[in-house]
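Each chain, letter by letter, is given below.
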Amino acid sequence: MKVTVLSSRAVKPDYGACGAPPGSTADVVPLTVLDKANFDAYISVIYAFRPPAPPNAVLEAGLARALVDYREWAGRLGVDAASGDRAILLCDAGARFVEATADVALDSVMPMKPTPEVLSLHPSGDDGPEELMLIQVTRFACGSIVVGFTAQHLVSDGRATSNFFLAWSQATRGLAVDPVPVHDRASFFKPRDPPRVEFEHRGVEFKPYEKVEENDDERHAGDGDVVVVNKVHLSLEFISKLKSRASVGAHRPHSTLRCLVAHLWRCVTKARGLDGRVSTSVAIAVDGRARMSPQVPDGYTGNVVLWARPTATAQELVTRPLQHAVELINREVARINGGYFESFIDFASSEAVQKERLVTTADAAEMALSPNIEVDSWLRIPFYDLDFGGGQPFFFMPSYLPVEGLLILLPSFAGDGSVDAYVPLFSRDMDAFKNCCYNLE
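Residues numbered from 1 in each chain as written. Predicted model: local features only at pLDDT ≥ 70, side-chain atom pairs only at ≥ 80, totals over all residues. Heavy atoms only, no water.

Under the annotation held in an unreviewed UniProt entry, the protein carries the name agmatine N(4)-coumaroyltransferase and is attributed to Triticum aestivum. Taken from UniProt, the Function (unreviewed entry) comment for the protein reads in full: "Involved in the synthesis of hordatines (antifungal hydroxycinnamoylagmatine derivatives). Specific for agmatine as the acyl acceptor, inactive towards tyramine and putrescine. Has activity with the acyl donors 4-coumaroyl-CoA, cinnamoyl-CoA, caffeoyl-CoA, feruloyl-CoA, and to a lesser extent sinapoyl-CoA." Quoted straight from UniProt, the Subunit (unreviewed entry) entry for the protein says "Monomer." (UniProt positions renumbered as here; feature names shortened; annotations may be inferred.)

Participant: Report on the packing of aromatic side chains, specifying residues and quantitative values.
Facilitator: This model, assessed by the stated rule, comprises 21 aromatic pairs. Look at Phe39 and Trp307: their rings are 6.1 Å apart centre to centre, the planes differ by 80°, and that puts the pair in the edge-to-face class. Here Phe39, found in the loop between helix H2 (33-36) and strand E3 (42-49), pairs with Trp307, found in strand E12 (residues 305-308); they are 268 residues apart in sequence, far enough to count as distant. Taken individually, Phe39 and Trp307 each receive the classification buried, so the pair is uniform in this respect. (Phe/Tyr/Trp six-rings, centres within 6.5 Å; stacked < 30°, edge-to-face > 60°. Helix = DSSP H or I, 4+ residues; strand = E, 2+ residues; numbered from the N terminus. Buried < 20%, exposed > 50% of the residue type's maximum accessible area, 1.4 Å probe, protein only.)

Participant: Residues and numbers for empty space enclosed by the protein, please.
Facilitator: A complete count under the given rule lists three cavities of 30 Å³ or more for this structure. Taken as a whole, the largest cavity encloses approximately 60 Å³ of empty space. Together, Pro114, Val229, Pro398, Ser399, Tyr400, Leu401, Leu406, Ile408, Tyr422 and Pro424 line the largest cavity. When residues of the lining of the largest cavity are traced back to their parent elements, those giving at least two are strand E17 (406-411) and strand E18 (419-426). Here the lining of the largest cavity is composed, by residue class, of nine nonpolar, one polar and no charged. (1 Å grid on protein atoms, 1.4 Å probe; cavity = no way out; pocket = protein on both sides within 12 Å on 5 of 7 lines; lining within 4 Å. Points joined across faces, edges and corners; volume = space filled by probe spheres on them. Nonpolar A, V, L, I, M, F, W, Y, C, P; charged D, E, K, R; others polar.)

Participant: Explain the sheet that holds strand E5 (residues 86-89) residue by residue, including any values.
Facilitator: Taken in spatial order, the three strands line up as E2-E5-E4 in an open sheet, and their pairing is antiparallel. Two strands lie at the open edges of the sheet, namely strand E2 (28-30) and strand E4 (76-79), each paired on one side alone. Taken pair by pair, the neighbouring strands of this sheet meet at an average axis angle of 40°, ignoring direction. (Pairing = 2+ DSSP bridges. Axes fitted to C-alpha atoms, helices over the stretch in contact; angles between N-to-C directions.)

What follows is the structure, encoded as structure tokens:
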């Protein structure tokens, strides 16, 4: 597959189309403590659509209209002159829009695999682009298109970013944006007066600052082994059996997500061959929208995520039954409640962070997570609702992301309730993982 870029330009909000010019091009949106707690990195995803697909000019016009409602994505990261804090500058500089072609029919490369080849289907975020949103539309010889998004995670979490994708598709079809975006970040996450830090956040969301030398390759290369990404297809039948086994003795069946996380955590730990005394944890993103009081609206455009981190020794995890791992996960996820979010906000807003030179533990430079793992669940994000006028996508995937131990779960494009798990591990561990990932014993 040869991908040729034809054009690349900035698309700015089209205020003329709605008759509502911006109040000021100097406005800023300060990053909240929850924004800053997330990864300062670009995340890329890929959608595939069958023909008929709208012309690029129609997609570009829809993007310009969507940016009127989502000015953040047309802005730039900078500093709020009033406070000195990092902020999104609402300067309307634009989102990047790239047009490209591929010299093959899309079916010839389907289903796409998580390999470096897919990197050509979306703009790169590796070189620190100025744009916060970069989009590439690649037209294949058969008339199908692939739309690749690259978005800065500091601006929003997966749910909020998905809302923008939906807004773009709605604007392209001439529909009203739904859900209505909520941009007021300052009001939702104010520290309490007096603050009440009721949980430990040092060593959890924050860690001491450590200077990394330029020639320190340990964080980037692990121990020198290559990382490979394997896509695991978990059928509905397999998931049903897994949930049945994990829920023995429970009052009601455990959720699909928690059963899958427990199973994959155990499998990865077995595959790595960790010493039984080694402690291993799994970081699970917890959406605080419904947990906080008052609740954060569905249309909120920023980050509302913290992480549960159930922990066990490797021996405990792999020798005790699956139910034990699920119980560990349930307990920790339940602990990340509204009170925990408020405690985090109070601590993150305190002088302790600056005085102790603390930095966030969400480190995009970490390329090997062993003995731990992180699981990002995209199971509830409505990726397949995207429709630019030619129908919904028939395929969706994250881009190639070889971070050892960073697992991504998403609904299978088969549409039958099955799940695809993208699992990056060192090559030396992958065969062992493949041998146990479908084993329920």
